[in-house]
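Residues per chain, in single letters:
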Amino acid sequence: MEPKILSGKECAASVNAETQAMAEKYIEKYGIAPALAVILIGDDPASCVYVNSKAQKCVELGLRSEKFLLDKDATMEEVLALIDKLNNDPTIHGILVQSPPPPQIDEEKVIAAIDPAKDVDCFHALNVGKMLIGKTDGFFPCTPYGVLKILEYYNIDPAGKHVVVIGRSNIVGKPLMALMVQKAKGANATVTCVHSGTRDLASYTRQADILIAAIGKSEFVKADMVKEGAVVIDVGINRIPDATKKSGSRLTGDVAYAEVAPKTSAITPVPGGVGPMTIAMLMRNTVRAALMAAGEKL
Ligand code: NAD
């Protein structure tokens, strides 16, 4: 049977339409737009593209975007002073610092300085802790939250299923484990996390009802690592050389799509899968931050 293609583009469009409506209501009630401050230190080309697409999406959905471009030689003091100013600005609801910052910047200290109520990336230890203990009055990190939303949108309930996550990064793998294991709607799964230290990784991935790949290795997951009928979510975004393309490269996921897709019941493509969900959930978190700051119960 043909697998169901889980379109992140379609799901993100639906989430964004809701977010736009929430933003409109907020503006009507409070007279200002939910606002996201994005800090970019240096001029890394990929980071510039990400920052611009976040700003553009804000404008599209009726949010206010403020970009702060700091010199690549900016000091910790300068970055912390800017964060302090934004923390104390009631017209700014979300703050994020584009990663990775240049080497003189201690990213952990920078994240710790962001007011947890404005931490729309959900990188602050307080929000990570809240997520782990199942509290829903903080934020969920954007990419794992996007994965949950795709499953919800396509009526794939993880409850009672075996979810295997490949990768244990702090921004994708670990929070995905934490979210999937909660006794909550859209979760309640049995979760296994495999990583670079796992022996015989395929023996675990083959047991997955839902397999989530977040490794950053092009087409790492092959057909013989996947159970017949599994749902496969590919978080990976890798750029590999391709002489047949005008740009000289193309994007691939962490899953060898062509050989894996026919074995699955449903699969996300790359591009157009998890990718568009990350920005969609960032926008949602920003509106959420604005509503929470206004004292609204969510
Ligand atoms: P990371 O490099 O921080 O973490 C990769 C993880 O994979 C590590 O925990 C490591 O243990 C594991 N790993 C690496 N090689 C392995 C191997 N051979 N076997 C088993 N495990 C292995 O990466 P990340 O930030 O979690 O990102 C993962 C992928 O997801 C990347 O391709 C990244 O571009 C992509 N990503 C996409 C989005 C999105 O919006 N779709 C967001 C974030 C990350």
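Report follows, based on the coordinates.

What counts, and where the lines are drawn
- Residues numbered from 1 in each chain as written.
- Predicted model: local features only at pLDDT ≥ 70, side-chain atom pairs only at ≥ 80, totals over all residues.
- Heavy atoms only, no water.
- Pairing = 2+ DSSP bridges.
- Helix = DSSP H or I, 4+ residues; strand = E, 2+ residues; numbered from the N terminus.
- Phe/Tyr/Trp six-rings, centres within 6.5 Å; stacked < 30°, edge-to-face > 60°.
- Buried < 20%, exposed > 50% of the residue type's maximum accessible area, 1.4 Å probe, protein only.
- Core = buried A, V, L, I, M, F, W, Y, C linked by side-chain atoms within 4.5 Å.
- Contact = heavy atoms within 4.5 Å.
- Near = heavy atom within 4 Å.
- Polar contact = N/O pair within 3.5 Å; in protein donor to acceptor, adjacent residues only side chain to side chain.
- Areas by Shrake-Rupley, 256 points an atom, 1.4 Å probe, with all protein chains shown as cover.
- Nonpolar A, V, L, I, M, F, W, Y, C, P; charged D, E, K, R; others polar.
- Axes fitted to C-alpha atoms, helices over the stretch in contact; angles between N-to-C directions.

Another aspect to go through is the sheet that holds strand β1 (residues 4-5). Read across the sheet, 6 strands follow the order β1-β11-β8-β7-β5-β6 without closing on themselves; strand pairing throughout is parallel. The sheet is open, and its two edges are formed by β1 and β6 (190-194), each paired on a single side. As paired strands, strand β5 (residues 162-166) and β6 are joined by 5 bridges and run parallel to one another. When the bridges of β6 are listed, Val165 appears paired with Cys193.

Quick look at the packing of aromatic side chains now. A ring pair, where both rings are aromatic, is described by two values, the distance of the centres and the angle of the planes. What the rule picks out here adds up to 3 aromatic pairs. Between the aromatic rings of Tyr153 and Tyr154, the centroid separation amounts to 5.0 Å while the plane-to-plane angle is 85 degrees, which identifies the pairing as edge-to-face. Its relative accessible area of 32% is what places Tyr153 among the partly exposed residues.

The next point concerns the nonpolar core. If you look at the biggest cluster of nonpolar residues, it comprises 52 residues, and the most contacted ones within it are Leu6, Leu36, Ile156, Ile212, Val231, Ile233 and Met283. Counting residues per element, this core draws most heavily on helix α10 (residues 275-293), at 10 residues. Every residue in contact with Leu36, bar those within four places of it in the chain, is listed here: Cys58, Arg64, Ser65, Glu66, Gly94, Ile95, Leu96, Val120, Leu282, Met283 and Thr286.

Turning next to the site of the ligand. Around the ligand, the structure places 22 residues, and the nearest of them are Arg168, Ser169, Ile215, Ile237 and Thr278. A distance of 3.4 Å is found between an oxygen atom of the ligand and a backbone nitrogen or oxygen belonging to Val235. At a separation of 2.6 Å, an oxygen atom of the ligand approaches a polar side-chain atom of Thr278. Protein coverage of the free-state accessible area of the ligand, which is 860 Å², stands at 72%. Classifying every residue of the shell around the ligand by side-chain character gives 9 nonpolar, 10 polar and 3 charged.

With that settled, consider the sheet that holds strand β2 (residues 35-41). With respect to topology, 3 strands assemble into an open sheet ordered β3-β2-β4, the strand pairing being parallel. This sheet does not close on itself; its edge strands, each paired only once, are β3 (64-70) and β4 (94-97). The mean inter-strand angle of the sheet, taken between neighbouring strand axes irrespective of direction, is 15 degrees. Across 7 bridges, the pairing between β2 and β3 is parallel. When the sheet's bridge partners are listed, Ala35 is paired in β3 with Arg64.

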